[in-house]
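Here is how the chains run, residue by residue.
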Amino acid sequence: MFAPYLPAIAASGILKGLLALFTSVGWLTPESGTYAVLAAISNALFYFSPIFLAFTAAKQFGANPYVAAVIGGALLEPNFTALMSNDATESSFIGIPTVLMNYASSVIPVILAVWLYSYLEGFLNRILHKDIRMILTPLVALVITVPLTIMIFGPISGYLTDTLGAAMTFLGEKNGIITGIIAGGLLSFLPLFGLQWGIIPILLLNHSTYGFDTFNPMWVMGTYAQMGVALGIFIKAKERIQKSFALSTFFTGIVAGVTEPILYGIVTKYKRTFLPIIIGGAISGALIGALQVKQYAFAFAGAISPSLT
């Protein structure tokens with residue numbers, strides 16, 4: 001599902017890294033128009049990923065990709081997202097309560113939505129007359145799929161992220177070494193499913209409550225293991241395209257800590273890379289947990305991220 005737009009993922013990640021680098025050395029400021037334009041370019045693919053993912057997922061499920069893209073777009077449509085203004089968390093659809101959430105950069109809800117749509121499309125095409133099929137099939141499928149996504153698939157994803165974050169907080173309070181093994185060895189793969197957002201609010205809460213956080217230092221060890229895999233493939237690969245892509249994803253990770261290009265372009269393609277990432281992340285995460293390393297300023301992995309002590 002991610003393979004068709006890997007070049008765009010790599011380009012967006014590199015630009016994110018360059019922007020982080022330029023702002024850190026004072027060449028750009030976040031308030032400038034130049035920064036705003038370049039940031040829009042680098043953020044667009046990740047923010048609108050439900051649309052891209054819906055399109056490619058539909059091809060995998062054998063459904064109409066253009067109608068599927070409408071599903072992803074509906075989750076990001078301004079009138080719908082405006083329902084979350086003033087910190088609102090609930091709304092309704094034909095009288096049925098719905099839970100509001102931010103679908104930007106999400107993965108699981110749109111994949112489940114397109115999976116459901118593929119079955120609805122097939123069913124409707126079988127029962128509807130061919131003269132009205134072209135109009136009624138997408139209309140009925142969209143009116144069913146999008147509300148069900150908002151009422152069921154979105155809340156399921158939100159529940160998974162909240163549960164995951166709470167579980168890791170509990171583990172972190174009990175045993176730093178075990179938490180480090182899990183966080184460094186396994187949780188670096190969370191961006192593959194869009195579940196990393198359930199942990200970030202806990203990290204921010206730790207910073208505001210205690211002035212530091214101990215979980216993120218363990219978590220980012222798996223991210224650095226991913227960068228190591230990308231660097232290793234760059235060094236060992238024989239094909240020019242492989243080397244070029246591996247180098248670009250490594251640069252994106254090491255500068256700005258953006259490893260989605262590594263996950264989508266390398267890890268999912270070369271399954272053998274899972275094991276070294278798990279081993280390297282688990283060992284280093286356990287060491288970080290045993291030493292009780294603290295982070296005093298919230299940041300992701302990357303060479304220009306601040307304050308591990």
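Note that the coordinates shown come from a computational prediction; the quantities given were computed from them, not determined experimentally.

Quick notes on the overall build of the chain
Of the regular secondary structure elements, the chain holds 13 helices and two strands. Expressed as a percentage of its 309 residues, the buried residues of the chain come to 44%. Partitioning the contacts of the chain with sequence separation of at least 6, the portion at a separation of at least 24 is 70%. Accessible surface, the chain: about 15700 Å² in total, of which carbon and sulfur atoms supply 69%.

Some thoughts on a nonpolar patch on the surface
Residues Ile132, Met134, Ile135, Leu136, Leu139 and Val143 make up a contiguous nonpolar surface patch of roughly 590 Å² in combined accessible area. The residue valine 143 is located in helix H7 (residues 130-174) in this model.

Quick word on the environment of proline 147
The topology assignment puts proline 147 in helix H7. On the accessibility criterion, proline 147 (9% relative accessible area) is buried. Considered as a pair, proline 147 and leucine 75 are 72 residues apart in the sequence and their alpha carbons are 9.8 Å apart. Sequence-distant contacts of proline 147, defined by excluding residues within four places in its chain, comprise Phe93 and Leu142.

Examining the packing of aromatic side chains
One pass over the full model with this rule turns up seven aromatic pairs. Consider the rings of tryptophan 115 and tyrosine 119, whose centres lie 5.5 Å apart with planes at 75°: the pair is edge-to-face. One end of the pair, tryptophan 115, and the other, tyrosine 119, are both in helix H6 (residues 108-127), four residues apart, so they sit about a helical turn from each other. What makes tryptophan 115 partly exposed here is its relative accessible area of 40%. Judged by relative accessible area, tyrosine 119 falls into the exposed class, the value being 55%. The ring of phenylalanine 234 is capped by lysine 243, whose NZ or CZ atom sits 4.8 Å from the centre of that ring.

Quick word on the packing of helix H2 (residues 33-47) against helix H3 (residues 49-61)
Two elements in contact, H2 and H3, have axes separated by 5 Å at closest approach and are oriented at 50°. Here H3 runs oblique to H2, going by the angle between their axes. Two secondary-structure elements touch here, H2 through Leu45, Phe46 and Tyr47 and H3 through Ser49, Pro50 and Phe52. For the contact of H2 with H3, a count of residues per class yields five nonpolar, one polar and no charged.

What to know about the packing of helix H8 (residues 176-185) against helix H10 (residues 215-236)
Where H8 contacts H10, the two axes come as close as 7 Å, and the packing angle between them is 40°. In terms of their interaxial angle, H8 and H10 are classed as oblique. Handedness of the crossing formed by H8 with H10: right-handed. Residues Gly176, Thr179, Gly180, Ala183 and Gly184 of H8 pack against Phe215, Met218, Trp219 and Gly222 of H10. Taken together, the residues that form the contact of H8 with H10 break down as four nonpolar, five polar and no charged.

Points about helix H12 (residues 260-267)
Residues spaced three or four apart along an α-helix point in a common direction, a consequence of the helix completing one turn every 3.6 residues. The buried count for H12 comes to eight of eight residues, which makes it a mostly enclosed element. Buried within H12 we find Glu260, Pro261, Ile262, Leu263, Tyr264, Gly265, Ile266 and Val267.

With respect to unusual backbone geometry
Residues other than glycine seldom take positive phi values, yet glutamine 292 does so here, at roughly 55°. In this fold, glutamine 292 is placed in the segment after helix H13 (274-291).

Procedures and definitions
Residues numbered from 1 in each chain as written. Predicted model: local features only at pLDDT ≥ 70, side-chain atom pairs only at ≥ 80, totals over all residues. Heavy atoms only, no water. Helix = DSSP H or I, 4+ residues; strand = E, 2+ residues; numbered from the N terminus. Buried < 20%, exposed > 50% of the residue type's maximum accessible area, 1.4 Å probe, protein only. Contact = heavy atoms within 4.5 Å. Areas by Shrake-Rupley, 256 points an atom, 1.4 Å probe, with all protein chains shown as cover. Patch = residues over 30% accessible without salt bridge, like charges linked within 9 Å, V, L, I, M, F, W, Y side chains within 5 Å. Salt bridge = Lys/Arg side-chain N within 4 Å of Asp/Glu carboxyl O. Phe/Tyr/Trp six-rings, centres within 6.5 Å; stacked < 30°, edge-to-face > 60°. Lys NZ or Arg CZ within 6 Å of the ring centre and 35° of its normal. Axes fitted to C-alpha atoms, helices over the stretch in contact; angles between N-to-C directions. Parallel < 35°, antiparallel > 145°, perpendicular 65-115°, else oblique. Nonpolar A, V, L, I, M, F, W, Y, C, P; charged D, E, K, R; others polar. Left-handed = near helix turned anticlockwise from the far one by under 90°.

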